[in-house]
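Coordinate analysis (summary)
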Amino acid sequence: MGDLFLLIRFNSAFERILKVDSPETVIGRDAGCEICLSDPLVSRKHAMLLQTETGWRIRDLNSRNGTRLNGTRSLAEESLSHGSEVQAGSYVLQVYFCLADAIRQTGIADDSTRSEKVGNNHDDHNGARRTSLTPAQLRVYDLLVQGLIEKEVAAQLGISVHTVHDHVKAIYKTFSVSTRGELVSRWATSHG
């Protein structure tokens, strides 16, 4: 089975797009989970994504508040399809097997008021903008476009969240964007 991308929303607001690389990926509030969701309604180890020969599946790990698949509480391991919605606490993780489809669902690439920022006319400049980042900013940038949130970037790089936030502000300024979604969209259009 192919790639799996999750469009992650918190309280209906776009947060990030994440590519799932591991055939067994734990979702939960615990910082050790592969997909960390900071929400008290999410159990420490809430659910698991599984890649099988027949496709991707989701299994609830006896979470306190349950896992919902397409609005229905999931009590057993269930199959995921393109566009499925998994809910854990206040988070909704929408399933896509193609990065371009996930990006389209954010509304950023289709928003005509922002098309100037994410359109093809800037694609040639992305490489130049990337090279203008400091080495520390470049490390943060690479993790951001992989879908990590600032807290996860800080943990992976061994630096403070405040330092990561300062780097993120500089990265946004360099790429002329104001949100993570715009940054990921810009990255995806130059790599797609």
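Up top is the structure these notes are about.
Report on the accompanying structure. Remember, it's a predicted structure, so these values are computed and weren't measured experimentally.

A few points about the overall build of the protein chain
Secondary structure assignment for the protein chain yields seven helices and 11 strands. A buried classification covers 45% of the 192 residues belonging to the protein chain. At a minimum sequence separation of 6, the contacts of the protein chain that also span at least 24 residues come to 47%.

Here we look at helix α4 (residues 135-144)
Burial in α4 covers these residues: Gln137, Val140, Tyr141, Leu143 and Leu144. The buried residues of α4 occupy one face: seen down the axis, they fall within an arc of 165°.

Describing the sheet that holds strand β7 (residues 67-69)
Read from one edge of the open sheet, six strands run β2-β1-β11-β10-β7-β8, paired in antiparallel fashion. In this open sheet, the two edge strands, each paired with only one partner strand, are β2 (13-20) and β8 (72-74). Mean inter-strand twist for the sheet, computed between neighbouring axes without regard to direction, equals 30°. As defined by bridge partners, β7 adjoins β8 across three bridges and the pair is classed as antiparallel. Along β8, the bridge assignment pairs leucine 69 with threonine 72.

Quick notes on the side chain of arginine 16
Its location among the elements puts arginine 16 in strand β2. Residue arginine 16 is classed as buried on the basis of its relative accessible area of 1%. Setting aside residues no more than four positions away along its own chain, arginine 16 makes contact with Leu6, Leu7, Ile8, Ile35, Cys36, Leu37, Gly147, Leu148, Ile149, Glu152 and Arg180.

Notes on the pattern of salt bridges
When the charged atoms of two side chains with opposite charge come close together, those side chains can pair. This model, assessed by the stated rule, comprises eight salt bridges. Taking the shortest distance from any N to any O, the salt bridge between glutamate 77 and arginine 57 comes out at 2.9 Å. Of this pair, glutamate 77 sits in the loop between β8 and β9 (78-79) while arginine 57 sits in strand β6 (residues 55-60), placing them 20 residues apart in sequence. A salt bridge links aspartate 101 to arginine 104, with the shortest nitrogen-to-oxygen separation between them at 2.3 Å. In this pair, aspartate 101 and arginine 104 are both assigned in helix α1 (residues 99-106), three residues apart and thus about one turn of the helix distant. The network of salt bridges with common partners includes Asp3, Lys19 and Asp21.

Notes on α1
If you check which residues of α1 are buried, you get Ala102, Ile103 and Thr106. Seen along its axis, α1 keeps its buried residues to an arc of 100°; they face one direction.

Rules and cut-offs
- Residues numbered from 1 in each chain as written.
- Predicted model: local features only at pLDDT ≥ 70, side-chain atom pairs only at ≥ 80, totals over all residues.
- Heavy atoms only, no water.
- Helix = DSSP H or I, 4+ residues; strand = E, 2+ residues; numbered from the N terminus.
- Buried < 20%, exposed > 50% of the residue type's maximum accessible area, 1.4 Å probe, protein only.
- Contact = heavy atoms within 4.5 Å.
- Arc of directions from axis to C-beta.
- Pairing = 2+ DSSP bridges.
- Axes fitted to C-alpha atoms, helices over the stretch in contact; angles between N-to-C directions.
- Salt bridge = Lys/Arg side-chain N within 4 Å of Asp/Glu carboxyl O.

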